[in-house]
Amino acid sequence: MQLVVARIGRAHGIKGEVTVEVRTDEPELRLAPGAVLATDPPATGPLTIETGRVHSGRLLLRFEGVRDRTGAEALRNTLLIAEIDPEEVPEDPEEFYDHQLVDLDVVTRDGIEVGRIAEISHLPYQDLLIVRRPDGSEIMIPFVSEIVPEIDLAEQKAVVDPPPGLLDDSQAEVASARDTSEEAAAPKAEGAAPARGTGEDV
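Attention in this report is confined to the structure presented alongside it.

Reading the values: the criteria
Residues numbered from 1 in each chain as written. Predicted model: local features only at pLDDT ≥ 70, side-chain atom pairs only at ≥ 80, totals over all residues. Heavy atoms only, no water. Pairing = 2+ DSSP bridges. Helix = DSSP H or I, 4+ residues; strand = E, 2+ residues; numbered from the N terminus. Axes fitted to C-alpha atoms, helices over the stretch in contact; angles between N-to-C directions. Salt bridge = Lys/Arg side-chain N within 4 Å of Asp/Glu carboxyl O. Buried < 20%, exposed > 50% of the residue type's maximum accessible area, 1.4 Å probe, protein only. Lys, Arg positive; Asp, Glu negative; His and termini not counted. Polar contact = N/O pair within 3.5 Å; in protein donor to acceptor, adjacent residues only side chain to side chain.

## Comments concerning the sheet that holds strand β4 (residues 47-55)
Strand pairing in a sheet relies on backbone hydrogen bonds, with the paired strands running either antiparallel or parallel. Sheet architecture is closed into a barrel: six strands sit in the order β1-β2-β5-β4-β3-β6, paired in antiparallel fashion. On average, each strand axis in the sheet is inclined to that of its neighbour by 50°, with strand direction left out of account. For strand β3 (residues 36-40) and strand β6 (residues 79-83), the ladder comprises three bridges, and the chain directions are antiparallel. Within β6, the position partnered with Ala-38 by the bridge is Ile-81.

## Some remarks on the pattern of salt bridges
Within the structure shown, the criterion is met by seven salt bridges. Residues Glu-17 and Arg-53 are paired through a salt bridge, measuring 2.8 Å at the closest nitrogen-oxygen approach. Here Glu-17 is found in strand β2 (residues 17-22), whereas its partner Arg-53 is found in strand β4, with 36 residues between them in sequence. Overall, Glu-17 belongs to the buried group, its relative accessible area being 8%. Classification of Arg-53 as partly exposed rests on a relative accessible area of 38%. A salt bridge links Glu-138 to Arg-132; the shortest N-O distance between them is 2.8 Å. According to the relative accessible area criterion, Glu-138 is partly exposed, its value standing at 45%.

## Observations regarding the sheet that holds strand β9 (residues 113-122)
Spatial ordering of the open sheet is given by β11-β10-β9-β8-β13-β12, a layout of six strands whose pairing is mixed. Only two strands of the sheet have a single partner each, and these edge strands are β11 (138-142) and β12 (150-152). Taken over all neighbouring pairs, the strand axes of this sheet differ in orientation by 35° on average, direction set aside. Note: strand β10 (residues 127-132) against β11, five bridges, orientation antiparallel. Within the sheet, the bridge partner assigned to Ile-130 lies in β11 and is Met-140.

## Description of the environment of Ala-74
Mapped onto the secondary structure, Ala-74 falls in the loop between α2 (69-73) and β6. The class of Ala-74 is exposed, set by a relative accessible area of 60%. Taking the C-alpha atoms as reference points, Ala-74 and Ile-8, 66 residues apart in sequence, are found 10.0 Å from one another.

## As for the side chain of Arg-62
Structurally, Arg-62 is set in strand β5 (residues 58-63). Glu-17 is the oppositely charged side chain nearest to the buried, salt-bridge-free Arg-62, at an N-O distance of 4.3 Å. Within the structure, Arg-62 has its side chain in polar contact with the backbone oxygen of Lys-15 (distance 3.0 Å).

In structure tokens, the structure reads:
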């Protein structure tokens, strides 16, 4: 099975290094020196990772045969694709590969049908489950343990505990003017890590 593990960003320096947007929770395994990766577009690859290092919080890679900034810039926006065993699962039991989640039935704790997972959207700070409802519409559900407390692969279902308004706008809680002003004055938490996530993008 092929899974997208990174997207190449800008060139870094003049010796062929590139920044990468990591799309795997196992970069030390998928993006290690010596790894041979397919690409999208296919004509760009395959690419073999020669070196990797972290600089200012970003992963930098250099590929065999890419020795200057021009070559590195030519790779920009290329997707890096790894071959994995379809039976392989992430080491962390709270993490799942995209292909394990797609097509799972989504139900509430009360057993009410919500829909079926159509795809996973990977954002910088959290993942979203794109759920297609029976009427054909789609809803985005944050993939965090407070909202998605259970993934049952054996039963092929995801159990959700949605806050008011997530599934039905008519149930949304309306904050009073006082609540709004107090919220505006209160400090906000930043940089909270998601409680669960996906191993890799599809």
